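Coordinate inspection notes
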Amino acid sequence: MPGPKNSYPGPPGSVLHEARISAGKSVLETAEALNLLNSYVEAIEENDYSRFNSPLFARGYIKSYARYMGLDEAPLLSDCDRICRREEQSNQRSHVQVPGKVQAPGHAGFILALIVALLIWSLSYWIFSGPEKKALSVVVLEQQLPVLPVLRKSPSLGESLLGGEPVKPEEVDVPVVVGEIAELSFKLTEDVWLELRDAYNSVVVSGVQKKGEVLQFKLQGPVTFSTAYWPAVSMYYNERLVELKELAKSNVVRVQVGEL
């Protein structure tokens, strides 16, 4: 292990590194003895004081490290101060404003990034949101279904609803109002009778549909939908749920659905 000297041939980190190697100690052993992190010992030996919050911390660590190795800390601290001054002067030169150029404010980059993000969001919204959806019209029509003699909630609405025989609604004249092509889907939680007509009053489907079925259609709107027990049917018109709870006066309902 090197003895005390008034000066050392090399920067503090190199001197301490050689002293540690000569003493046969590892970085881990040295860090534990000095109560430091391994990375701090490595930073001292590499003369990298930027890892410390202040040059004062570097001086303190070097002083402890030198004493642990039995070295004279004075010349090491003097070299440390010289290195810190050189780095500080270098940093000051790198921040000198170039004549003839105007430095942008520190927050200019953040503002620019924010503006770009807003532009991207606006463009994405315009592209992916598509045209504005039209309002959905749901009109309950006069009841045209015959009164059902048997209507009970168990064991199965579909079984008890019709007594085994299909019940067909009376043929009625519905004014033809042609709208746009509509995509419809129906989800059934019970066996239930339902009928679906397109804008031309043509029957698309009519009869008892089974529990758990998912029916899908693409036809001319608006459509006329009739069912003997609407709570068992979830109807979607162009992916929008048709709400009947506030409109239907009974479980048997006939409605016209379309977009305005």
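The structure we're discussing is the one just above.
Report follows, based on the coordinates.

Basis of the calculations
- Residues numbered from 1 in each chain as written.
- Predicted model: local features only at pLDDT ≥ 70, side-chain atom pairs only at ≥ 80, totals over all residues.
- Heavy atoms only, no water.
- Core = buried A, V, L, I, M, F, W, Y, C linked by side-chain atoms within 4.5 Å.
- Buried < 20%, exposed > 50% of the residue type's maximum accessible area, 1.4 Å probe, protein only.
- Helix = DSSP H or I, 4+ residues; strand = E, 2+ residues; numbered from the N terminus.
- Phe/Tyr/Trp six-rings, centres within 6.5 Å; stacked < 30°, edge-to-face > 60°.
- Expected span 1.5 Å × (residues − 1).
- Arc of directions from axis to C-beta.
- Axes fitted to C-alpha atoms, helices over the stretch in contact; angles between N-to-C directions.
- Parallel < 35°, antiparallel > 145°, perpendicular 65-115°, else oblique.
- Left-handed = near helix turned anticlockwise from the far one by under 90°.
- Contact = heavy atoms within 4.5 Å.
- Nonpolar A, V, L, I, M, F, W, Y, C, P; charged D, E, K, R; others polar.

Describing the nonpolar core
- Counting 25 residues, the largest nonpolar core has Leu16, Ile44, Tyr49, Ile62, Leu71 and Leu76 as its most contacted members.
- Elements supplying a minimum of two residues to this core: α1 (12-23), α2 (27-34), α3 (38-45), α4 (55-68) and α5 (73-94).

Topic: the packing of aromatic side chains
- Applying the stated criterion across every chain, the model contains 6 aromatic pairs.
- Pairing Tyr40 with Phe52 gives two aromatic rings, centres 5.0 Å apart and planes at 85°, and the pair type is edge-to-face. Of this pair, Tyr40 sits in helix α3 while Phe52 is found in the loop between α3 and α4, placing the two residues 12 residues apart along the sequence.
- Among the aromatic residues, ring-to-ring pairing joins Tyr40, Phe52, Phe57 and Tyr61 into one connected group.

Here we look at α1
- Between the first and last C-alpha of α1 there are 16 Å, a value that for 12 residues agrees with the 16 Å anticipated at 1.5 Å per step.
- All of the buried residues in α1 are Pro12, Gly13, Val15, Leu16, Ala19 and Arg20. One side of α1 holds all its buried residues, which, seen down the axis, span an arc of 165°. Across from the buried face of α1, at angles greater than 90 degrees, the exposed residues are Glu18 and Ser22.
- A positive backbone phi angle near 75° is found at Gly24, which sits one or two residues after α1.

Things to note about the packing of α1 against α4
- Remark: α1 packs on α4, axes separated minimally by 10 Å, with the N-to-C direction vectors making an angle of 30°. The pairing of α1 with α4 is recorded here as roughly parallel in orientation. Crossing handedness for the pair α1 and α4: left-handed. Where α1 approaches α4, its residues Pro12, Leu16 and Arg20 are matched on the opposing element by Ile62, Tyr65 and Ala66.
- Each residue belonging to the contact of α1 with α4 can be placed in one class, and the counts come to 5 nonpolar, no polar and 1 charged.

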